[in-house]
Amino acid sequence: MYLPPHDPHVDDPMRFKPLFRIHLMERKCATVECMYGHKGPHNGHIQIVKKDEFSTKCNQTDHHRMSGGRQEEFRTWLREEWGRTLEDIFHEHMQELILMKFIYTSQYDNCLTYRRIYLPPSSPDDLIKPGLFKGTYGSHGLEIVMLSFHGKKAKGTKITGDPNIPAGQQTVEIDLAHPLQLPDIETLRDFSELSRIVLEVQEQVRREEQEEEEQQQQEEEDRSQQAASQPAAKPLGEGAEGEETAAGAEGTTQNKASASQPFVLPMGVISRNEDYPRTCRICFYGTGLIAGHGFTSPERTPGVFVLFDDDRFGFIWLELKSFSLYSRIKVSFQNAEAPSREAFDEMLKNIQSLVT
C-alpha cells in the first residue's frame, strides 16, 4: 500500500507499506501471508471476487493486537499515520475525526477488497497532464485525488475518502470555460473581493445553464413539430461550429496558462500548508463537494481552482474559507515491473487455484 506523506507535506514522497505477500513454492503450491500488525507475517487468504477485483483475508487477526490494548494500537497508528502524538493535536474537532478514522480503518483487520484503478487518458489539449495527486483536506489530513479532463470540464475524484466525503465522489469540478481574472495582490488579500468575483461568475454560469436548457427544450419542440409534418434531414456538418468554438476556447486557455501572475491567499482563508506557491498560471471558477458526517446533505459550493504549475494546483473552498493544495504523485513502484492487466489477472487465478 502506498500511503500519502504526513500532513500537510504534500510535496513529500508517498510511503510504502506491505499488506500481504504470496509465496510460490515448488511442487505447484502457494501460501499467502498477512503483513498487517507488528508481530510479523502470519496466515492469510486471497480470493478472486470478479473482473478487476480481488480480496484478502487475515486468518490470524490476534497477530494484530497489542499488549497495551486498543489504546496502544491507536497511539501506534497515530504515529505511523500522522507522524505525531495525540498530545500534539489540540483541536478537539480534529481529534474526533482522527479517532473516527482509526475506528473505521482498524475494524477491517486487513480483510480488504482491492479494485483496479484506471488512470484517465491524456490529451495534448489538457491543461496539465491528468493523474493522481495528494491533497490537503483540513483536519482529515492528506487524501488522494484523480484529476481528469472532460472537454470544458475538469474533475477531481477521490481515490481515498473520509467520514464526510467517501472515495469515488467528485470532490471538485473545474469549469474550464470560465477562467477568473484575479485582482492585484493587495486587493486579493480581501476575501470579500474574491467572494464577489466568484459569486458573479456563479450567477453567470447559472444564467447560461438556464438559457441552454431553454434552448434544448425549444429545439426538441421544433424537432417534434418537424417530425409530425415530414422527416427532417440532418444538415451536413452539424455541430462543427460548436466544436471549433470549443477548440478555440481551449487554445485561448492554453495561451493564458503559459503566463504567470502573483498569488496570495485572502485574509481569513485557512490553509494547512503555508508553503504554497506565490505565483500561479491561471484560475478558473469551480465547485467543491461538502457534506456532513456519513455523507449527509451533500452539496456543491463555489470555489476557485488555482493552477500553479504542471504538478501542483489548489482549490479555495469559498463557503469553508479553506484552501486545499494538491501535488502530483510521482511513484517508482518497488521490487518488480508492473505486469499487464491480463498477466496480472492470470497470475491471481493461478495463485487462487494453488492455495485452494
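Residues numbered from 1 in each chain as written. Predicted model: local features only at pLDDT ≥ 70, side-chain atom pairs only at ≥ 80, totals over all residues. Heavy atoms only, no water.

An unreviewed UniProt entry lists the protein under the name FBX31 protein, with Glareola pratincola given as the organism. A UniProt comment under Pathway (unreviewed entry) is attached to the protein, and it reads "Protein modification; protein ubiquitination." (UniProt positions renumbered as here; feature names shortened; annotations may be inferred.)

Asker: How should the pairing of strand E15 (residues 282-292) be read in this particular structure?
Answerer: A large share of E15 lies buried, amounting to 10 of its 11 residues. Sheet analysis places strand E11 (residues 170-180) next to E15, joined by five bridges and oriented antiparallel. The residue of E15 that forms the bridge with Leu180 is Cys283. Pairing of E15 with strand E16 (residues 296-309) involves 10 bridges; the strand directions are antiparallel. The residue bridging Ile282 from the neighbouring strand is Leu307, located in E16. Between E15 and E16, which pair antiparallel in sequence order, lie three residues; one of them, Gly294, sits at a positive phi of approximately 75°. (Buried < 20%, exposed > 50% of the residue type's maximum accessible area, 1.4 Å probe, protein only. Helix = DSSP H or I, 4+ residues; strand = E, 2+ residues; numbered from the N terminus. Pairing = 2+ DSSP bridges.)

Asker: Looking at this model, I keep getting lost on the sheet that holds strand E5 (residues 42-50). Mind explaining?
Answerer: Backbone hydrogen bonds are what pair the strands of a sheet, in a parallel or an antiparallel way. Pairing is antiparallel in the open sheet, where five strands are placed in the order E3-E4-E5-E6-E7. A single partner strand is all that each edge strand has here, and the edge strands are strand E3 (20-24) and strand E7 (112-115). Between one strand and the next, the sheet's axes are offset by a mean angle of 35°, whatever the strand orientation. Across five bridges, the pairing between E3 and strand E4 (residues 30-34) is antiparallel. Residue pairing across strands places Ile22 opposite Val32, the latter belonging to E4. (Axes fitted to C-alpha atoms, helices over the stretch in contact; angles between N-to-C directions.)

Asker: How should I be thinking about helix H4 (residues 191-229) in this particular structure?
Answerer: In an α-helix, one turn spans 3.6 residues, which is why side chains three or four residues apart end up on the same side. Helix length check: H4, at 39 residues, gives a terminal C-alpha distance of 57 Å against a target of 57 Å (1.5 Å per residue), a fit within 8%. Taken together, the buried positions of H4 are occupied by Phe191, Leu194, Ser195, Ile197, Val198, Val201 and Val205. For H4, the secondary structure elements touched by its buried residues are E11, helix H3 (185-188), E15, E16 and strand E17 (312-317). (Expected span 1.5 Å × (residues − 1). Contact = heavy atoms within 4.5 Å.)

Asker: Mind showing me how you'd approach helix H2 (residues 92-106) here?
Answerer: Here H2 is 15 residues long and its end C-alpha atoms lie 21 Å apart, about the 21 Å a rise of 1.5 Å per residue gives. If you check which residues of H2 are buried, you get Met94, Leu97, Ile98, Phe102 and Ser106. Summarising the axial view, the buried residues of H2 lie within an arc of 150°, below the 170-degree limit, and thus occupy one face. With respect to the buried face of H2, the exposed residues turned more than 90 degrees away are Glu92, Ile103 and Tyr104. Contacts made by the buried residues of H2 are with helix H1 (69-82). (Arc of directions from axis to C-beta.)

Asker: I tried to follow unusual backbone geometry on my own but got confused; where do I start?
Answerer: The omega angle of the peptide bond from Asp7 to Pro8 is 5°, so this bond is cis rather than trans. In this fold, Pro8 is placed in the loop between strand E1 (2-3) and strand E2 (15-16). With a phi angle near 50°, Asp109 is a residue other than glycine that sits in the positive phi range. Assignment of secondary structure puts Asp109 in the loop between H2 and E7. With relative accessibility at 13%, the residue Asp109 sits in the buried group. For Lys321, which is not glycine, the phi dihedral falls at a positive 50°.

Asker: Any chance you could explain the pairing of E11 here in plain terms?
Answerer: Across a regular strand the side chains alternate sides, sitting on one face of the sheet and then on the other. For E11, the tally of buried residues reaches eight of 11 residues, placing the bulk of the element in the interior. Bridge count for strand E10 (residues 153-158) against E11 is five bridges, and the pairing is antiparallel. Among the inter-strand pairings, Gly156 is bridged to a residue of E11, identified as Val172.

Asker: Please clarify how the nonpolar core should be interpreted in this entry.
Answerer: In globular proteins that are soluble, nonpolar side chains generally tend to be buried together. Formed by 26 residues in total, the largest nonpolar core has its most connected members in Leu180, Phe263, Val304, Ile316 and Phe323. Those elements that place two or more of their residues in this core are H4, E15, E16 and strand E18 (322-328). Dropping the residues within four chain positions of it, Ile316 is found in contact with Leu194, Phe263, Leu265, Pro266, Val269, Pro302, Gly303, Val304, Ser322 and Phe323. Formed by 20 residues, the second largest nonpolar core is a distinct cluster that contains Phe133, Phe284, Ile290 and Phe313. (Core = buried A, V, L, I, M, F, W, Y, C linked by side-chain atoms within 4.5 Å.)

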